[in-house]
Amino acid sequence: MEFDILTLFPGIFTGPLDESILKRARETGLVQIRVHNLRDFTHDKHRVVDDRPYGGGPGMLMKPEPIFEAVEKLQRPESCVVLMTPQGKPFTQAQAGLFAGKPHLIIICGHYEGVDERVREALVDEEISIGDYVLTNGALAAAVVVDAVTRLLPGAIGHEQSAADDSFATGMLEGPQYTRPPEFRGMKVPDVLLSGDHGAVEKWRVNEARERTRQRRPDLLEGKQT
Ligand code: ADE
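The rules we used
- Every chain begins its residue count from 1, and numbering advances along the sequence as written.
- Local features in a predicted model are, by the rule used here, given only for residues with pLDDT of at least 70; side-chain atom pairs are given and counted only at 80 or more, and totals for whole chains, interfaces and linings are based on all residues.
- Only heavy atoms go into the side-chain values, all of them from the structure, while hydrogens and water stay out.
- Burial here depends on accessible area, computed with a 1.4 Å probe over protein chains only, as a share of the maximum for the residue type. Under 20% is buried, over 50% is exposed, and the range in between is partly exposed.
- To qualify as a helix, a DSSP run of H or I must reach at least 4 residues; to qualify as a strand, a run of E must reach at least 2; elements of each kind are numbered from the N terminus.
- As used here, the arc is the angular range of directions from the helix axis to the C-beta atoms.
- In what follows, a contact means two residues having at least one pair of non-hydrogen atoms within 4.5 Å.
- Whether a residue is near a molecule or strand depends on its heavy atoms: if one lies within 4 Å, it is near.
- A 3.5 Å cut-off defines polar contacts: any pair of N or O atoms within that distance qualifies, except that in protein one atom must be a possible hydrogen donor and the other a possible acceptor, and neighbouring residues in sequence count only when both atoms are side-chain atoms.
- Only the protein chains shown count as cover for residues, with accessible areas throughout obtained via the Shrake-Rupley method and a probe of 1.4 Å.
- We define a salt bridge as a side-chain nitrogen of Lys or Arg found within 4 Å of a carboxyl oxygen belonging to Asp or Glu.
- Annotation comment: domain bounds sourced from an automatic or database domain assignment.
- A pair of strands is treated as paired once DSSP finds two or more bridges between them.
- Whether a crossover is right-handed depends on one test, that the path from the first strand over the helix to the second runs clockwise when the strands point away from the viewer.

(A) Quick look at helix α4 (residues 93-100). Among the residues making up α4, those that are buried are Gln95, Ala96 and Phe99. Taken end-on, α4 shows its buried residues confined to a sector of 105°, consistent with a single buried face. The exposed residues of α4 that point more than 90 degrees off its buried face are Ala94 and Leu98. Taken together, the buried residues of α4 touch β5 (79-90), β6 (104-109), β7 (126-129) and α6 (139-150).

Following this line, the structure appears as structure tokens:
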């Protein structure tokens, strides 16, 4: 899968893309992630990427020309163009799964007060928000999307099953998990997990997941038979 990211701050991606699973996915060729500086698509001496909004108002908008030039250079018929913005659709595990099925994502990171509306009208297929809060720009949000999508690609994480069992993939939060030692500072691992009874373990897990979800995220259980 290929990602092309358009940003004013390429440096923000250096850490997140160069560690752990994303690093390995890039090294093995599972993903190709290219980060482009939008200023490289300007043609004036000062490499201006923003301007004042028509009609007045605070802040600056991202100009359409560099974004159009970049997208039109990178776009292919199968590309999906995504704009990171707090006005977008909330990003979910289901959306990550849909993106993981696409061969090529072009991700535009917004900045300033937003982007010229013609970018949305003419270029963008999906507008995505990673949550109801406002970041200084869309680069961290784009890194979140790249991470959540890449780990779903076959071969990205050790066990395919662990992605299938994730919180949200099952529609519920994951329940508690334990590793050795069986007792630590007086806190014991529940007996059922040490019992070797796989049926009982599975039943306990489902029940714990349901209880945790009911307490923390009852919205996830709405419309679900529990
Ligand atoms: N840019 C600024 N805030 C954002 C958010 N919450 N999601 C996506 N892009 C953003």
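(B) Highlighting the site of the ligand. The environment of the ligand is made up of 13 residues, and the closest members are Thr85, Ile130, Gly131, Tyr133 and Leu135. Thr85 places a polar main-chain atom, nitrogen or oxygen, 3.2 Å from a nitrogen atom of the ligand. Within the backbone of Leu135, one N or O atom sits 3.0 Å away from a nitrogen atom of the ligand. With the chains in place, 97% of the 260 Å² that the ligand exposes on its own is no longer accessible. Looking at the shell around the ligand, the elements with two or more residues in it are β5 and β7.

(C) Broad picture of unusual backbone geometry. With an omega of 5°, the peptide bond running from Arg180 to Pro181 counts as cis. Position of Pro181 among the secondary structure elements: in the loop between α7 (160-164) and β8 (183-184). Positive phi, normally seen in glycine, also occurs at Tyr112, with a value near 55°. Tracing the chain through its elements places Tyr112 in the loop between β6 and α5 (117-122).

(D) Here's a closer look at the pattern of salt bridges. Under the counting rule described, the total for this entry stands at 13 salt bridges. Here Asp4 and Arg34 are joined by a salt bridge, their closest N and O atoms 2.9 Å apart. Here Asp4, found in strand β1 (residues 2-7), pairs with Arg34, found in strand β2 (residues 32-37); they are 30 residues apart in sequence, far enough to count as distant. Judged by its relative accessible area of 29%, Arg34 falls in the partly exposed class. Salt-bridge contacts for Glu65 lead to Lys63; the nearest nitrogen and oxygen are separated by 3.6 Å. Through salt bridges with shared partners, a single network forms among Glu2, Asp4, Arg34, Arg76 and Glu78.

(E) Fine view of the domain arrangement of the chain. Here the domain parsing of the chain yields domain 1 (2-150) and domain 2 (168-221). Spacing between the C-alpha centres of domain 1 and domain 2 amounts to 37 Å.

(F) Layout of the pairing of β6. Within β6, six of the six residues are buried, which leaves the element mostly enclosed by the surrounding structure. Direction of pairing for β1 relative to β6: parallel, over a ladder of five bridges. Across the sheet, Leu6 pairs through a bridge with Ile108, a residue of β6. In this structure, β5 lies alongside β6, joined through six bridges in parallel fashion. Looking at the pairing, Val82 lines up with Ile107 of β6. With α4 bridging β5 and the parallel β6, this β-α-β connection has right-handed handedness.

(G) Quick peek at the side chain of Gln95. Following the sequence through the fold, Gln95 ends up in helix α4. Since its relative accessible area comes to 8%, Gln95 is described here as buried. A distance of 3.4 Å separates polar atoms of two side chains, one belonging to Gln95 and the other to Lys89.

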